[in-house]
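Descriptive analysis of the structure
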Amino acid sequence: MVTSLLLRIRLMRDSPLAGNLPRRCGYLVGLTAVRRLRERHSLPEVAGWPLPRVRAEISAALMDLPVPA
């Protein structure tokens, strides 16, 4: 959970912890994770998920994203 919080802080638009990351890069990361989910699930299905499932699916999708070089 701490890692997740630190990642969110780092990806925030004006966070001093963002370093040299571009502004709003968290949106791109989130979009990429959702696109990955959409490879296996329809949009109506994803939209109907309860919040605990959303968190679990997004967490898994984020873990599967490649680490930038």
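Everything quoted here is computed from the prediction, not taken from an experiment. (Residues numbered from 1 in each chain as written. Predicted model: local features only at pLDDT ≥ 70, side-chain atom pairs only at ≥ 80, totals over all residues. Heavy atoms only, no water.)

Along its length, the protein chain carries four helices and zero strands. When the helices and strands of the protein chain are placed in sequence order, the string is α-α-α-α. Expressed as a percentage of the 69 residues in the protein chain, the buried residues total 17%. Contacts spanning at least 24 positions in sequence make up 35% of the contacts within the protein chain whose residues lie at least 6 apart. (Helix = DSSP H or I, 4+ residues; strand = E, 2+ residues; numbered from the N terminus. Buried < 20%, exposed > 50% of the residue type's maximum accessible area, 1.4 Å probe, protein only. Contact = heavy atoms within 4.5 Å.)

Let us now look at the side chain of His41. Along the chain, His41 falls in the loop between α2 (25–38) and α3 (43–47). In this structure His41 comes out as buried when scored by relative accessible area, which is 14%. There is a polar contact of 3.1 Å between the side chain of His41 and the side chain of Glu45. Setting aside anything within four residues of it in sequence, one finds His41 in contact with Val46, Trp49, Arg53 and Glu57. (Polar contact = N/O pair within 3.5 Å; in protein donor to acceptor, adjacent residues only side chain to side chain.)

A separate point is the confidence of the model for the protein chain. Mean pLDDT over the protein chain: 78, with 65% of residues reaching 70 or higher. Mean pLDDT across the elements of the protein chain bottoms out in helix α1 (residues 2–11) (55) and peaks in α3 (93). (pLDDT = per-residue confidence, 0-100.)

By the definition in use, this model includes one salt bridge. Between Glu57 and Arg53 there is a salt bridge, and its shortest N-O distance comes to 3.0 Å. With Glu57 and Arg53 both in helix α4 (residues 51–64) and four residues apart, the pair spans about one turn of that helix. Among the residues examined, Glu57 registers a relative accessible area of 18% and is labelled buried. (Salt bridge = Lys/Arg side-chain N within 4 Å of Asp/Glu carboxyl O.)

Attention now goes to the packing of α2 against α4. At a minimum axis separation of 9 Å, α2 and α4 run at an interaxial angle of 105 degrees. Here α4 runs roughly perpendicular to α2, going by the angle between their axes. Contact residues: Val29, Ala33, Val34, Arg36 and Leu37 in α2; Glu57, Ile58, Ala61, Leu62 and Asp64 in α4. Along the lines of polarity and charge, the residues of the contact of α2 with α4 split into seven nonpolar, no polar and three charged. (Axes fitted to C-alpha atoms, helices over the stretch in contact; angles between N-to-C directions. Parallel < 35°, antiparallel > 145°, perpendicular 65-115°, else oblique. Nonpolar A, V, L, I, M, F, W, Y, C, P; charged D, E, K, R; others polar.)

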